[in-house]
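Single-letter residue listing:
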Amino acid sequence: MQMENATMLKFHADDMIIKEGGTYEEMYKIISGSVAVYIRYGEKEEHLIGIYSKPKCFGEVHVLSGQPSIYTVVAYDDVLLMRITKDSLEEFIRNNPRNAIDIMQNMVHTNMLMQKNIDLLLDDIYEKQEINKKRTEDMKNKIRQYRLNSFPFLEA
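Each value, and the rule that gives it
Along each chain, the written sequence defines residue order, and numbers are assigned to residues from 1. Totals for whole chains, interfaces and linings use every residue, but because this is a predicted model, local features are given only for residues with pLDDT of at least 70 and side-chain atom pairs only at 80 or more, for both listing and counting. Note that the side-chain values use all heavy atoms of the structure and ignore hydrogens as well as water. Whether two strands pair comes down to DSSP finding at least two bridges between them. Helical segments are the DSSP runs of H or I of at least four residues, strand segments are the runs of E of at least two, and each set is numbered from the N terminus. Think of a 1 Å grid over the protein atoms and nothing else: a 1.4 Å probe that fits but is trapped marks a cavity, an open set flanked by protein within 12 Å on at least five of seven lines marks a pocket, and residues with an atom within 4 Å of a point count as lining. Grid points are joined across faces, edges and corners, and a volume is the space filled by probe spheres set on the points. Residues were grouped as follows: Ala, Val, Leu, Ile, Met, Phe, Trp, Tyr, Cys and Pro as nonpolar; Asp, Glu, Lys and Arg as charged; and all remaining residues, including Gly, as polar.

1. Here we look at the sheet that holds strand β1 (residues 7-11)
Phase 1 of the analysis: Reading across from one edge, β1-β8-β3-β6 is the order of the four strands in this open sheet, with antiparallel pairing throughout. The sheet is open, and its two borders are formed by β1 and β6 (57-58), each paired with just one other strand.
Phase 2 of the analysis: Relative to β6, strand β3 (residues 26-32) runs antiparallel, the two sharing two bridges. Paired with Tyr28 across the strands is Phe58, a residue of β6.

Set out below in C-alpha cells:
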C-alpha cells in the first residue's frame, strides 16, 4: 500500500468518523481495527449495514458522487485509517489497483442494501394503505348501518 503524503488517523471505539448527511471530500482505508456502518444512527429506526475491517474502504460513495454521506460510520474498536482525499484518489488507485475492486464491491453492496431497504419501506407503505382502505370501508359500513338503524325512512 503506497501513497505519498498519506494521512493516518486513529479513532477510538464509538468515535464518529462520518455522519450521515455530512459532506466529505475524503474516504478511508482500514489499516487496523473495525468500523460499524449505520443508516439512521442514533434514531429509532437505526439499521446496522455491517462491520468493516482491514483492508476495506468506506466513504467512497460521497467522494465519487459529491453528494452527502448516505450512512454514518463509527469506530467499532480502536481503528487506524488511511485518509484518501478526493484529490489523491486517482494516485491511491494507481498505486493500489486491488482497492479499485474493493471500492466497487462496497458500492454494489451499499446499493443492494439500499434497494432492500426501499423494498421494505414500500412493503410497509402498501401494508398501511391496505389497513387504511379496510378502516375506511369499516367506517363507511358503520355509517351506513347507523343511518339505516337511526333513520329507516332514508333507506329508499
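2. Re the layout of surface pockets
Phase 1 of the analysis: Roughly 240 Å³ of internal volume is contained in the largest pocket.
Phase 2 of the analysis: Ile39, Arg40, Glu45, Glu46, His47, Met114, Asn117, Ile118, Leu120 and Leu121 are the residues that line the largest pocket.
Phase 3 of the analysis: Looking at the lining of the largest pocket element by element, the count peaks at five residues for helix α3 (residues 98-150).
Phase 4 of the analysis: For the lining of the largest pocket, the residue count by class is five nonpolar, two polar and three charged.

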